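So you can see what is in the structure, the chains are spelled out below.
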Amino acid sequence: MSQKEENHASEQRGRIRQDIIEAIAETMDLYGATHSSGQLYGIMFFENRPMTLDEMKIRMNMSKSNMSYAVRSLVESQMVKKLEEKQERKELYAAEVDFFLAFQNFFTLKLQREINVMTEAISKALPELTKLILDEHISDQERNLALQDLYKLRHGQTYYEWLQQFVDALKRGEYFKDFSSP
């Protein structure tokens, strides 16, 4: 391949990567990340090596504080990992490139949080509603409304029990058994 053909191929690959990086950035709102965090993840996805905050800052042309926030949010969502080793005393970060694992990590974290918050609230509300329903001093209308709430919350409780089973299976990787890492 001639140098001209090599340069053309490199430019074409760069454009393709940029299109994918932009698509990743557009979809990262699903993960609660900003557009720039999505761009950073996309850049790191293609980097094929860990990066320092300084390298990311230069690539993204962002302030150090904005870069730190973007990296922190990506680490919290497990889209990026902070590595144990360092480069010249600087922290190293690497993108999770296995989309199945990224999905598994992210959604198990988010769904488990939802389950914990909602089950705690429902568990607290059920006995309080039951006590209210059994109170002989409330009106029939108020009792019926409390019964409706109780029914809805019991249905919700069933949903969160199912969701816990789903999350447990997701954590075990049951939905990805037929797919291998890149």
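Naming follows an unreviewed UniProt entry, where the chain appears as HTH-type transcriptional regulator of Paenibacillus planticolens. Annotation of the chain in UniProt includes, under Sequence similarities (unreviewed entry), the sentence "Belongs to the GbsR family."

Chemist: Describe the layout of surface pockets, and please don't skip the residues or the numbers.
Modeler: Where empty space is left in the structure can be found by rolling a water-sized probe over the atoms. Quantified by volume, the largest pocket comes out at close to 150 Å³. Looking at the lining of the largest pocket, the elements with two or more residues in it are helix 1 (3-27) and helix 5 (99-134). In terms of residue class, the lining of the largest pocket is made up of 9 nonpolar, 1 polar and no charged.

Chemist: So what's going on with the packing of helix 3 (residues 53-60) against helix 4 (residues 64-76)? Residues and values would help.
Modeler: Packing of helix 3 against helix 4 leaves a shortest axis separation of 10 Å and a crossing angle of 110°. Taken together, the axes of helix 3 and helix 4 are roughly perpendicular relative to one another. Contacts from Leu53, Asp54, Met56, Lys57 and Met60 of helix 3 reach helix 4 at Lys64, Met67, Ser68 and Val71. By residue class, the composition of the contact of helix 3 with helix 4 is 5 nonpolar, 1 polar and 3 charged.

Chemist: An account of the nonpolar core is needed here, citing residue identities and associated values.
Modeler: Of all hydrophobic cores here, the largest spans 25 residues; its most connected members are Met28, Leu40, Tyr41, Met44 and Met56. When contributions to this core are tallied by element, the ones reaching two or more residues are helix 1, helix 2 (35-47), helix 3, helix 4, strand 2 (90-95) and helix 5. Sorting elements by how many residues they give to this core places helix 2 first, with 6 residues. In contact with Met44, not counting residues within four places along its chain, are Met51, Met56, Val80, Tyr93, Ala94 and Ala95.

Chemist: Which residues make up the pattern of salt bridges, and what values do they have?
Modeler: Working definition: two side chains of opposite charge can pair if their charged atoms are close together. Counted according to the given criterion, the structure contains 10 salt bridges. Measuring nitrogen to oxygen at the nearest pair gives 3.6 Å for the salt bridge that ties Glu91 to Lys82. Accessibility expressed as a relative area gives 24% for Glu91, which makes it partly exposed. Assessed through its relative accessible area of 47%, Lys82 is described here as partly exposed. Each of Glu47, Arg49, Glu55 and Arg59 takes part in a single network of salt bridges with overlapping partners.

Parameters at a glance
Residues numbered from 1 in each chain as written. Predicted model: local features only at pLDDT ≥ 70, side-chain atom pairs only at ≥ 80, totals over all residues. Heavy atoms only, no water. UniProt positions renumbered as here; feature names shortened; annotations may be inferred. 1 Å grid on protein atoms, 1.4 Å probe; cavity = no way out; pocket = protein on both sides within 12 Å on 5 of 7 lines; lining within 4 Å. Points joined across faces, edges and corners; volume = space filled by probe spheres on them. Helix = DSSP H or I, 4+ residues; strand = E, 2+ residues; numbered from the N terminus. Nonpolar A, V, L, I, M, F, W, Y, C, P; charged D, E, K, R; others polar. Axes fitted to C-alpha atoms, helices over the stretch in contact; angles between N-to-C directions. Parallel < 35°, antiparallel > 145°, perpendicular 65-115°, else oblique. Contact = heavy atoms within 4.5 Å. Core = buried A, V, L, I, M, F, W, Y, C linked by side-chain atoms within 4.5 Å. Buried < 20%, exposed > 50% of the residue type's maximum accessible area, 1.4 Å probe, protein only. Salt bridge = Lys/Arg side-chain N within 4 Å of Asp/Glu carboxyl O.

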